Amino acid sequence: MFAFKPLISVFLLLVAPSALAATFTFTAIPDEDESQLRTRFDKVAVYLEEKLGVEVKYIPVKSYSAAVTAFRNNQVQLAWFGGLSGVQARRLVPGSDAIAQGYEDQFFKSYFIAHHSTEMLVNNSFPNLNGYTFTFGSKDSTSGRLMPQFFIERNLGKRPEDIFKRIGFSGDHSRTIAQVQAGVYQVGAVNYKVWESAVAAGKVDLKKVDVIWESPTYPDYQWTVRAGVDDSFGEGFKAKLSAALLEMNDPKLLKSFPRKSFVAADNLDYEPIENVAKTIGLID
């Protein structure tokens, strides 16, 4: 009755590492409404599971910093980060790599939106924001905080606290739109993709809030994979994951991001974001 023990040991030694690995987990920065994120990324999990041949699970988080922490602690091995959160995560886990980005993420942009009571109109010139109330998105958002603050400081020559009557951090782009539309803040900075999707879905009252300025472009969102996934899930797993992300072509899935397609990315693409974060003092 004990003859099976050696056979079990041999089996465990011979079986592929991926067969023994834990579930492959991933997360995403909570940049908009939680229900929309759950719908999108649960579908991504199904897609990746089919492509990778391992169990895949999406783990939602409550904040940008929580996404970075989960990545640092190996609670997730993959994350859909913004430009800044990706830089932060890769600095904490050396050897981690940006492997794919949306086609549009090569030249992303922010919109400044304003409540109509301000009587501010769209203008190619940077708007005079002195004395208004203003809300960013999350404190760690690239399109909702980092780049807007950089453009504000570069164009107005002052820190935000010396410009605005009151400053807020809504937490995500959907809330920024809602707060400016309701007049809680007069002006706000949003991810242009979230804005355009909300307008297309009829969730924005353009009689109350509209775009007043469009930023220059910069690199933003990307998929970042944690160092060591080949050790945990088998040789070649990282390459297989990269291929799966780049081959994601389901129109419905792409529309949910929304992105035209995914293209290859690497860490060097995000050096401009790291440099801006250092310039305005968000990272050392």
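The rules behind these values
- Residues numbered from 1 in each chain as written.
- Predicted model: local features only at pLDDT ≥ 70, side-chain atom pairs only at ≥ 80, totals over all residues.
- Heavy atoms only, no water.
- Pairing = 2+ DSSP bridges.
- Helix = DSSP H or I, 4+ residues; strand = E, 2+ residues; numbered from the N terminus.
- Axes fitted to C-alpha atoms, helices over the stretch in contact; angles between N-to-C directions.
- Contact = heavy atoms within 4.5 Å.
- Buried < 20%, exposed > 50% of the residue type's maximum accessible area, 1.4 Å probe, protein only.
- Phe/Tyr/Trp six-rings, centres within 6.5 Å; stacked < 30°, edge-to-face > 60°.
- Core = buried A, V, L, I, M, F, W, Y, C linked by side-chain atoms within 4.5 Å.
- Salt bridge = Lys/Arg side-chain N within 4 Å of Asp/Glu carboxyl O.
- Right-handed = clockwise from strand over helix to strand, strands pointing away.

Asker: What's the story with the sheet that holds strand β6 (residues 133-136) in this structure? I'm lost.
Answerer: Strands pair in a sheet through their backbones, by hydrogen bonds, and they do so in one of two ways: parallel or antiparallel. Reading across the sheet, the 5 strands line up as β7-β6-β8-β5-β9 and stay open at both edges, with mixed pairing between neighbours. Each of the sheet's edge strands pairs with one partner strand only, and the pair in question is β7 (166-169) and β9 (209-214). Taking the axes of each pair of neighbouring strands and ignoring which way they run, one obtains an average angle of 30° across the sheet. The sheet contact formed by strand β5 (residues 110-115) and β9 spans 5 bridges and is antiparallel. Paired with Ile113 across the strands is Val211, a residue of β9. Here helix α7 (residues 173-182) sits on the sheet in contact with β5, β6, β8 (187-191) and β9, set at roughly 155° to β8. The strands touched by helix α8 (residues 192-200) within the sheet are β5, β8 and β9, with β8 carrying the most contacts at an inclination of about 95°.

Asker: What should I look at first to understand helix α5 (residues 83-92) in this one?
Answerer: Think of an α-helix as turning once every 3.6 residues; residues three or four places apart then point the same way. Most of α5 is tucked away, with 8 of its 10 residues classed as buried. Buried residues along α5 sit against α4 (64-72), β3 (78-81), β4 (97-102), α6 (142-156), β10 (222-225) and α12 (271-279).

Asker: What is the right way to read the packing of aromatic side chains from this model?
Answerer: Describing an aromatic ring pair means giving the distance of the ring centres and the angle of the ring planes. Counted by the stated rule, this structure contains 31 aromatic pairs. When the centroid spacing of 5.3 Å and the interplanar angle of 80° are considered together, the rings of Trp80 and Phe257 count as edge-to-face. You can see Trp80 sitting in strand β3 and its partner Phe257 sitting in the loop between α11 (251-256) and β11 (262-264), a full 177 residues away along the chain. Accessibility expressed as a relative area gives 1% for Trp80, which makes it buried.

Asker: Mind showing me how you'd approach the nonpolar core here?
Answerer: One broad trend across soluble globular proteins is that nonpolar side chains are buried collectively. Judged by nonpolar contacts, the single largest core of 85 residues is most densely connected at Phe24, Phe41, Leu48, Leu129 and Trp223. Among the elements that line this core, the one with the most residues is helix α3 (residues 34-52), at 7 residues. When sequence neighbours within four positions are dropped, the list of residues in contact with Phe24 reads Leu52, Val54, Glu55, Val56, Lys57, Gln77, Leu78, Val229, Phe233, Phe237 and Leu241.

Asker: Would you explain the pattern of salt bridges in this entry?
Answerer: A pair can form between side chains of opposite charge whenever their charged atoms are brought close. The final tally for this structure, using the stated rule, is 13 salt bridges. In this structure, Lys238 engages Asp97 in a salt bridge whose closest nitrogen and oxygen atoms are separated by 2.5 Å. Of this pair, Lys238 sits in helix α10 (residues 237-246) while Asp97 sits in strand β4; the two residues are 141 residues apart in sequence, bridging distant segments of the chain. If you follow the salt bridges from partner to partner, you end up with Arg91, Glu274 and Lys278 in one network.

Asker: Could you clarify how one ought to interpret the sheet that holds β11 in this entry?
Answerer: Pairing in this open sheet of 6 strands is mixed, and the strands run β2-β1-β3-β10-β4-β11 from one edge to the other. On the outer flanks of this sheet lie β2 (56-58) and β11, each paired with one strand and no other. Across this sheet, the average inter-strand angle for adjacent strands is 25°, counted without regard to direction. Two strands pair when backbone bridges link them, and strand β1 (residues 24-28) and β3 are joined in this way by 3 bridges, in the parallel orientation. By the bridge assignment for β3, Ala28 is matched with Trp80. Running at roughly 170° to β2, α3 makes contact with β1, β2, β3 and β10 of the sheet.

Asker: Would you take a moment to explain the pairing of β8 for this structure?
Answerer: Successive residues of a regular strand alternate their side chains across the two faces of the sheet. Among the 5 residues in β8, 5 count as buried, and that is most of the element. Burial along β8 is two-sided: Val187, Ala189 and Asn191 and Gly188 and Val190, pointing in opposite directions, are all buried. Note that β5 and β8 share 5 bridges and pair antiparallel. The residue of β8 that forms the bridge with Tyr111 is Val190. Here 2 bridges tie β6 to β8, and the two strands are oriented parallel to one another. Pairing of Thr135 across the sheet is with Gly188, part of β8.

Asker: How should the environment of Thr142 be read in this particular structure?
Answerer: Tracing the backbone shows Thr142 in helix α6. A residue is classified by how much of its surface remains accessible, and Thr142, at 3% relative accessible area, is buried. In the structure, Thr142 is positioned 79 residues away from Tyr221 in sequence and 8.6 Å away in space, judged by C-alpha atoms. Sequence-distant contacts of Thr142, that is, excluding residues within four places in its chain, are made with Gly82, Gly83, Leu84, Met147, Pro148, Tyr218, Pro219, Asp220 and Ile273.

Asker: Explanation requested: the pairing of β6 in the structure shown.
Answerer: Covered by surrounding structure in β6 are Thr133 and Thr135 together with Phe134 and Phe136, the residues of both alternating faces. In the sheet, β6 pairs with β7 via 4 bridges, with the strands oriented parallel. Note that in β7 the partner of Thr135 across the bridge is Gly168. Once the chain exits β6 it traverses α6 before rejoining the sheet at β7, and the crossover so formed is right-handed.

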